[in-house]
Amino acid sequence: MRIGEVAEQAGVSVRALRYYEEQRLLGPTRTGGGQREYQDGAVERVRMIQQLYAAGLSSRLVREVLPRCMNEGDAPSGFTDSLITERARIDRQINDLTEVRARLDEIITVATDSSHPDHCHPVRTGVAASTTGTA
């Protein structure tokens, strides 16, 4: 299968396939004319790569996890530990974003509720953004 066919069937760009190749996630063979030829399972493999990236995994972790997900061998040493560590990192990000959202909700309430004791106007007339250090 040629690169364009794989890209179309998997719903990704040709550029994405070349990136996966650079990351050693996808390994086409070459024809005598130098064109990439992909094996029959390439579309399924690309879809799995997409799912692993969508789960927030780095290229390094995708490279470790992919063979196991594709039933290409035993799980490498530390396979589960790597995934658990990645999940903990994502949990920390979720907690941080939840706190940021709560602060933003407070600012929205203060800025939009004229009866709120701390009511303020989001844009103050005559105050340049450059004097506050923000743009």
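In the block above lies the structure referred to throughout.
The shown structure was predicted, so the numbers you read here are calculated from the model rather than taken from an experiment.

**Digging into the layout of surface pockets**
Phase 1: The volume enclosed by the largest pocket comes to roughly 150 Å³.
Phase 2: Surrounding the largest pocket, L26, G27, P28, Y38, Q39, G41, A42, R45, M70 and E72 form its lining.
Phase 3: Of the residues in the lining of the largest pocket, the class split is 5 nonpolar, 3 polar and 2 charged.

**Here's the deal with the packing of helix α1 (residues 3-10) against helix α2 (residues 14-22)**
Phase 1: Running from N to C, α1 and α2 point in directions that differ by 105°, and their axes come no closer than 9 Å. Classified by the angle between their axes, α1 and α2 sit roughly perpendicular to one another. Residues I3, G4, V6 and A7 of α1 pack against V14, L17 and R18 of α2.
Phase 2: Within the contact of α1 with α2, the residues separate by chemical class into 5 nonpolar, 1 polar and 1 charged.

**A look at the side chain of R36**
Phase 1: Within the secondary structure layout, R36 lies in strand β2 (residues 36-37).
Phase 2: Among the polar contacts listed, one links the side chain of R36 to the side chain of E21, at a separation of 2.6 Å.
Phase 3: Look past the residues within four positions of R36 in its chain and what remains in contact with it is M1, R2, I3, R18, E21, P28, T29 and R30.

**Quick notes on unusual backbone geometry**
Phase 1: A positive phi angle is found at R24, which is not glycine, with a value near 60°.
Phase 2: With respect to the element layout, R24 can be found in the loop between α2 and β1 (29-30).
Phase 3: Among the residues examined, R24 registers a relative accessible area of 63% and is labelled exposed.

**Considering the packing of aromatic side chains**
Phase 1: For the structure on display, the rule yields 2 aromatic pairs.
Phase 2: Where Y19 meets Y20, the ring centres are 6.2 Å apart and the plane angle is 65°; that geometry is what we call edge-to-face.
Phase 3: Assessed through its relative accessible area of 36%, Y19 is described here as partly exposed.
Phase 4: When its relative accessible area of 4% is taken as the criterion, Y20 is described as buried.
Phase 5: A ring pair is formed by Y20 and Y53, whose centres lie 5.9 Å apart and whose planes are at 25°; its orientation type is stacked. Residue Y20 is found in helix α2, and its partner Y53 is found in helix α3 (residues 42-54); the two are separated by 33 residues along the sequence.
Phase 6: On the accessibility criterion, Y53 (23% relative accessible area) is partly exposed.
Phase 7: An aromatic cluster of three or more residues is present, and its members are Y19, Y20 and Y53.

**Some remarks on the packing of α2 against α3**
Phase 1: Relative to each other, α2 and α3 sit at 80°, their axes nearing to 12 Å. With respect to each other, α2 and α3 are oriented roughly perpendicular. Within the contact between the two elements, α2 uses L17, Y19 and Y20 and α3 uses V46, I49, Q50 and Y53.
Phase 2: A breakdown of the residues in the contact of α2 with α3 according to their chemical character gives 6 nonpolar, 1 polar and no charged.

What counts as what
Residues numbered from 1 in each chain as written. Predicted model: local features only at pLDDT ≥ 70, side-chain atom pairs only at ≥ 80, totals over all residues. Heavy atoms only, no water. 1 Å grid on protein atoms, 1.4 Å probe; cavity = no way out; pocket = protein on both sides within 12 Å on 5 of 7 lines; lining within 4 Å. Points joined across faces, edges and corners; volume = space filled by probe spheres on them. Nonpolar A, V, L, I, M, F, W, Y, C, P; charged D, E, K, R; others polar. Axes fitted to C-alpha atoms, helices over the stretch in contact; angles between N-to-C directions. Helix = DSSP H or I, 4+ residues; strand = E, 2+ residues; numbered from the N terminus. Parallel < 35°, antiparallel > 145°, perpendicular 65-115°, else oblique. Contact = heavy atoms within 4.5 Å. Polar contact = N/O pair within 3.5 Å; in protein donor to acceptor, adjacent residues only side chain to side chain. Buried < 20%, exposed > 50% of the residue type's maximum accessible area, 1.4 Å probe, protein only. Phe/Tyr/Trp six-rings, centres within 6.5 Å; stacked < 30°, edge-to-face > 60°.

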